[in-house]
Amino acid sequence: MKTAVFSTKAYDRSFLDAANREQGHELVYFLPALDEETVPLAADFPAVCVFVNDRITAPVVEALAAGGTKLIALRCAGFNQVDLDAAEGAGLTVVRVPAYSPYAVAEHVIALLQAVNRRIHRAYNRVREGNFSLDGLLGFDLHGKTFGIVGTGKIGAVLARIAHGFGCRVLAHDVREDPKVAALGTTYTDLESLFAESDIVSLHCPLLPQTKHLVNQESLGRMKPGATLINTSRGGLVDTSAVIEALKSGRLAGLGLDVYEEEADLFFEDLSATIIKDDVFMRLTTFPNVVITGHQAYFTREALENIAATTIANITAFAEGRKPENAVFPAAVRPGN
Ligand code: NAD
């Protein structure tokens with residue numbers, strides 16, 4: 001199937017080409033993200049393939065439909081970048097990669113947490129300069145701490161197992177409790193108690209209208225003083241300005257981010273020779289107790305192989321007229337889901 005692949009990096013191309021070798025879809029690679037400006041590139045392509053920061057708004061959907069596109073294949077798990085109502089209304093099928101490696105993301109949570117906690121980023125720079133002082137590098141044992149996990153789907157469930165391995169008390173909050181996660185010794189609780197009791201809070205629920213700014217001035221005020229917050233899910237779960245205030249007041253003792261609400265203008269590009277105009281983001285980078293990675297939690301060899309294999313299988317299923325197993329419908333973003 002002729003597919004316009006947007007937001008393409010060299011690594012996307014090599015993994016997709018390898019997965020496509022047997023299937024022979026005609027993949028045409030475009031560097032820019034799909035949005036209202038670039039949508040003309042998709043004209044006459046029955047399928048488009050997009051990633052996390054493409055913007056498939058209602059006007060983009062309309063233009064895709066007018067150009068003959070029938071399939072939007074997301075090569076990611078999250079689908080908050082697509083107007084699903086508009087897609088359904090225009091008769092476009094949306095498919096995604098629901099699971100590719102929950103381990104990649106859950107393990108990155110620990111990388112961020114321990115970098116923040118043990119100040120690895122500062123220690124790395126000091127040692128390179130011959131500074132072996134330990135002042136300012138004091139961390140805490142994870143053993144015995146309370147680890148709060150918001151959303152115990154595929155990633156949250158793996159993280160719960162890892163957190164138990166460290167000897168943490170694990171609290172969880174989810175709209176659907178998972179008995180397998182509870183059987184590990186995890187205690188499900190309401191969000192308020194999780195925030196109040198956790199030394200570490202890690203976010204793993206999707207970005208939905210009802211989860212936007214789940215971490216805000218009010219919920220930060222209810223958090224245990226000195227807690228560490230980790231967000232590898234979606235930037236919009238966190239009100240960044242409120243988090244900056246909480247870092248300034250010391251209510252939050254550490255922050256690890258792999259996602260940022262306005263990341264579409266920053267992440268996945270080398271902007272090192274440009275002036276970054278996002279003052280909120282730049283303020284975050286000034287804190288010694290904040291570590292930010294640019295949406296790389298998923299970025300392991302295993303995850304890229306699985307993303308490419310499922311994306312190609314999704315396109316093949318659609319091309320052969322089979323019921324798309326990984327389709328996403330507007331009901332997925334309605335309250336109660
Ligand atoms: P999943 O669908 O398996 O799990 C999400 C969980 O969140 C489900 O158990 C669901 O019931 C729960 N949930 C939904 N609404 C909730 C609410 N209001 N409060 C609490 N819990 C709620 O998804 P997953 O594969 O575990 O991924 C989680 C998120 O991680 C994705 O939505 C995606 O945004 C993000 N993600 C980030 C990266 C990265 O590289 N940083 C990679 C993959 C996924």
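Turning our attention to the nonpolar core. In this structure, Leu 34, Ile 56, Leu 64 and Ile 72 are the most contacted members of the largest nonpolar core, which totals 33 residues. At the level of secondary structure, the elements contributing two or more residues to this core comprise strand 3 (47–50), helix 2 (58–66), strand 4 (71–74), helix 3 (84–89) and helix 12 (301–319). Setting aside its immediate chain neighbours within four residues, Ile 72 contacts Val 48, Val 50, Ile 56, Leu 64, Leu 92, Thr 93, Val 94 and Val 95. Of all hydrophobic cores here, the second largest spans 26 residues; its members include Leu 171, Leu 237, Ala 242 and Leu 252.

The next thing to look at is the domain arrangement of the protein chain. Often, the extent of an interface is quoted as the loss of accessible area upon association of its parts. What the domain assignment lists for the protein chain is domain 1 (2–100 + 301–333) and domain 2 (102–292). In this structure, domain 1 and domain 2 have C-alpha centres spaced 30 Å apart. Between domain 1 and domain 2, the contact holds 14 residues from the first and 13 residues from the second. Carbon and sulfur atoms make up 55% of the surface buried where domain 1 meets domain 2, a total of about 1100 Å² over both sides. On the surface where domain 1 and domain 2 come into contact, there are four residue pairs in polar contact (both at pLDDT 80 or more).

Across the sheet, which stays open at both edges, the seven strands sit in the order 8-7-6-9-10-11-12 with parallel pairing between neighbours. Edge strands, defined here as strands with exactly one partner in the open sheet, are strand 8 (187–188) and strand 12 (290–292). Where strand 7 (residues 169–173) meets strand 8, two bridges bridge the pair, whose relative direction is parallel. Residue pairing in the sheet places Ala 172 in a bridge with Tyr 188 of strand 8.

Under the defined criterion, the tally for this structure stands at ten salt bridges. Asp 12 serves as the salt-bridge partner of Arg 75, at 3.7 Å between the closest nitrogen and oxygen. Of this pair, Arg 75 sits in the loop between strand 4 and helix 3 while Asp 12 sits in helix 1 (residues 10–20), and the two are 63 residues apart along the sequence. Salt-bridge contacts for Arg 55 lead to Asp 265; the nearest nitrogen and oxygen are separated by 3.6 Å. Remark: Asp 265 occurs in the loop between strand 11 (252–257) and helix 11 (279–284) and Arg 55 occurs in the loop between strand 3 and helix 2; sequence separation between them is 210 residues. Taking relative accessible area as the criterion, Asp 265 reaches 55% and is therefore assigned exposed.

Scoring rules and cut-offs
Residues numbered from 1 in each chain as written. Predicted model: local features only at pLDDT ≥ 70, side-chain atom pairs only at ≥ 80, totals over all residues. Heavy atoms only, no water. Core = buried A, V, L, I, M, F, W, Y, C linked by side-chain atoms within 4.5 Å. Buried < 20%, exposed > 50% of the residue type's maximum accessible area, 1.4 Å probe, protein only. Helix = DSSP H or I, 4+ residues; strand = E, 2+ residues; numbered from the N terminus. Contact = heavy atoms within 4.5 Å. Domains from an automatic or database assignment. Buried area = accessible area lost by both parts, 1.4 Å probe. Polar contact = N/O pair within 3.5 Å; in protein donor to acceptor, adjacent residues only side chain to side chain. Pairing = 2+ DSSP bridges. Salt bridge = Lys/Arg side-chain N within 4 Å of Asp/Glu carboxyl O.

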